Amino acid sequence: MTETPLWTPNEERISKAALTAFTQEAAKRAGRTLPSYEALHRWSIEDRAAFWDLVWDFCGVVGEKGERILVYGDSMPGAAFFPDARLNFAENLLRKAGDGDAIVFRGEDKVERRLSWDDLRALVSRLQQLFVSLGIGKGDRIAAMIPNMPEAVAAMLAAASIGAVWSSCSPDFGVEGVMDRFGQIEPALFIAPDGYWYGGKRIDVAAKVAEVAGRLTSVGKVLVVDYLGTAPQVVAGIDKAVALTEALAPFAPAPLAFERLPFAHPQFILFSSGTTGAPKCIVHSAGGTLLQHLKEHRLHADLRDGDRLFYFTTCGWMMWNWLVSGLASGTTLLLYDGSPFHPDGNVLFDYADAERMTHFGTSAKFIDSVRKAGLRPIETHSLASVRTISSTGSPLSPEDFRFVYEGISKDVHLASISGGTDIVSCFVLGVPTQPVWTGEIQGPGLGMAVDVWDDSGAPLRGEKGELVCTKAFPSMPVSFWNDPDGRKYRSAYFERFDNVW
């Protein structure tokens, strides 16, 4: 550890942080003082029922909570959070209305679009009506190979509103990569673009879309999103295909209907990397994903109503799911699709200044690339609006920790975060009321009983070991797809140490 922290939050930041108010409320419920983050974290894992009950109330989850908070809490897998609750994921993300920005989109081809909260609700309403007209309902899968654009967010919300299950990947995946994923989950609907932009190049995907559509025999309809302006030509070559604009034409915006479903109802199917065999199809619940993301956004990232949240991601990475949940905190989503280095490494910092970005999320690799390119945004950009920089995807090196403060912004909460696809969230992440030290992740997530063990299951300190989580948490996968007896699920996480992740 260095002698002094790289950054320490000032008193104003600490007092305004939602984590401070939450700690005060937690102390009341616990019936004791919680003088530090460590004390709050200890309480959050000692009394998980009280902690997650408070997260639900503090974050204003829309739905019926039910009587029971946690049953079979000592079983992993097997624990059930909020087993009597009924909620809808999309209803929680679409609670705002009005003409303020809900989504700002920038494409690498300089496309810029804005959707107000009312615009977003209108688009979701039309998509919801379209999906229902196609016979899609609760539990049906919708698969999208799509750029990170407004239609992706709206289609996911429309799917969630009726209880359909969403799964997405990036359009740069090869045909076999797409089939390895979507072929396993048998989607009823396939959504794809006519193409995308990357590195200054127009990339046509018509042949890929046609081949995938032909091989996904479960698909009843293919919707083609117009991005390059060639959707009619793509549609012409595919049976069952229609341009999204044409499919939506009969439907006018109407009041949205949200079907409230059990807390554990499937919401997303994410995929492991598939480095050993076919990718695992990881099923995540609506309630667990929502509650975990609300906790991470409000308490760990200090996201506030009206903030402007950016994460550089494709629709094939779990950070896209994490980003989109920011709507539930009343934040504007800043979407970007394309290369972060076209025409040069300033493009995302330009975006930050132009759109008053408050939260800049990226990968450790991007920060390292900016440093190695000799860029110094601290000298070329204001970045005055940016309160938090988040980094994930791989460990952030000590030199890149220092570079953020020397080369990007002196007064920013740098949060190195780590979790993954398997939990669609984080095990360890930022704590906005604590100092940032070179090369260190700030702390374990609230409610996450994280430890580091050696091969025999003994805790380690100051050495490399196995990251474990010793108690169940809401965003554990519901199941793996096509794993009826749960054998694959158990072997993936619980074989090494019994009843421990």
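Residues numbered from 1 in each chain as written. Predicted model: local features only at pLDDT ≥ 70, side-chain atom pairs only at ≥ 80, totals over all residues. Heavy atoms only, no water.

## Quick word on the overall build of the protein
Within the protein, the secondary structure is distributed over 18 helices and 27 strands. On C-alpha atoms alone, the protein measures out to a radius of gyration of 22 Å, which is about the 23 Å that the 2.2 N^0.38 rule sets for 501 residues. Across its three principal axes, the protein shows a C-alpha extent of roughly 65 × 55 × 45 Å. A buried classification covers 57% of the 501 residues belonging to the protein. A separation threshold of at least 6 residues defines the contact pool for the protein, and within that pool the share at least 24 residues apart is 71%. Here the protein holds 48 positive side-chain charges and 60 negative ones, and the gap between their average locations is 1 Å. (Helix = DSSP H or I, 4+ residues; strand = E, 2+ residues; numbered from the N terminus. Rg over C-alpha atoms; globule rule 2.2 N^0.38 Å. Buried < 20%, exposed > 50% of the residue type's maximum accessible area, 1.4 Å probe, protein only. Contact = heavy atoms within 4.5 Å. Lys, Arg positive; Asp, Glu negative; His and termini not counted. Charge placed at Lys NZ, Arg CZ, Asp CG, Glu CD.)

## Some words on helix α3 (residues 37-46)
In terms of burial, α3 is largely enclosed, as seven of its 10 residues are buried. Lining the buried residues of α3 we find α2 (18-30), α4 (48-58), α12 (286-300) and β24 (443-444).

## Section: the sheet that holds strand β4 (residues 86-87)
Strands belonging to one sheet form pairs held by backbone hydrogen bonds; the direction of such a pair is parallel or antiparallel. Reading across from one edge, β1-β4-β14 is the order of the three strands in this open sheet, with antiparallel pairing throughout. If you trace the sheet from one side to the other, it starts and ends with β1 (63-64) and β14 (261-262), each paired once. In the sheet, β1 pairs with β4 via two bridges, with the strands oriented antiparallel. Paired with glycine 63 across the two strands is leucine 87, which belongs to β4. (Pairing = 2+ DSSP bridges.)

## What to know about the packing of α2 against α4
Remark: α2 packs on α4, axes separated minimally by 11 Å, with the N-to-C direction vectors making an angle of 130 degrees. Relative to α4, the element α2 lies oblique. Relative to α4, α2 is oriented so that their crossing is right-handed. Here Ala18, Ala21, Phe22, Glu25, Ala26 and Arg29 of α2 come into contact with α4, specifically with Ala50, Phe51, Asp53, Leu54, Val55, Asp57 and Phe58. When its residues are assigned to classes, the contact of α2 with α4 shows nine nonpolar, no polar and four charged. (Axes fitted to C-alpha atoms, helices over the stretch in contact; angles between N-to-C directions. Parallel < 35°, antiparallel > 145°, perpendicular 65-115°, else oblique. Left-handed = near helix turned anticlockwise from the far one by under 90°. Nonpolar A, V, L, I, M, F, W, Y, C, P; charged D, E, K, R; others polar.)

## A short note on α2
With 13 residues, α2 should reach 18 Å at 1.5 Å per residue; the first-to-last C-alpha distance of 18 Å fits that figure. Turning to α2, its buried residues are Ala18, Leu19, Thr20, Phe22, Thr23, Ala26 and Ala27. Next to the buried residues of α2 lie α1 (11-16), α3, α4 and α12. Glycine 31 sits one or two positions beyond α2 and adopts a positive phi of about 70 degrees. (Expected span 1.5 Å × (residues − 1).)

## Details of the packing of helix α8 (residues 175-185) against helix α9 (residues 206-215)
The contact between α8 and α9 brings their axes to 10 Å, and the two run at 30 degrees. When the axis of α8 is compared with that of α9, the two are roughly parallel. The two elements α8 and α9 meet at a crossing, and its hand is right-handed. Residues Val175, Glu176, Val178 and Met179 of α8 form the contact with α9, whose participating residues are Lys208, Glu211, Val212 and Arg215. The residue inventory of the contact of α8 with α9, partitioned by class, reads four nonpolar, no polar and four charged.

Just geometry here; none of it tells us what the structure is for.
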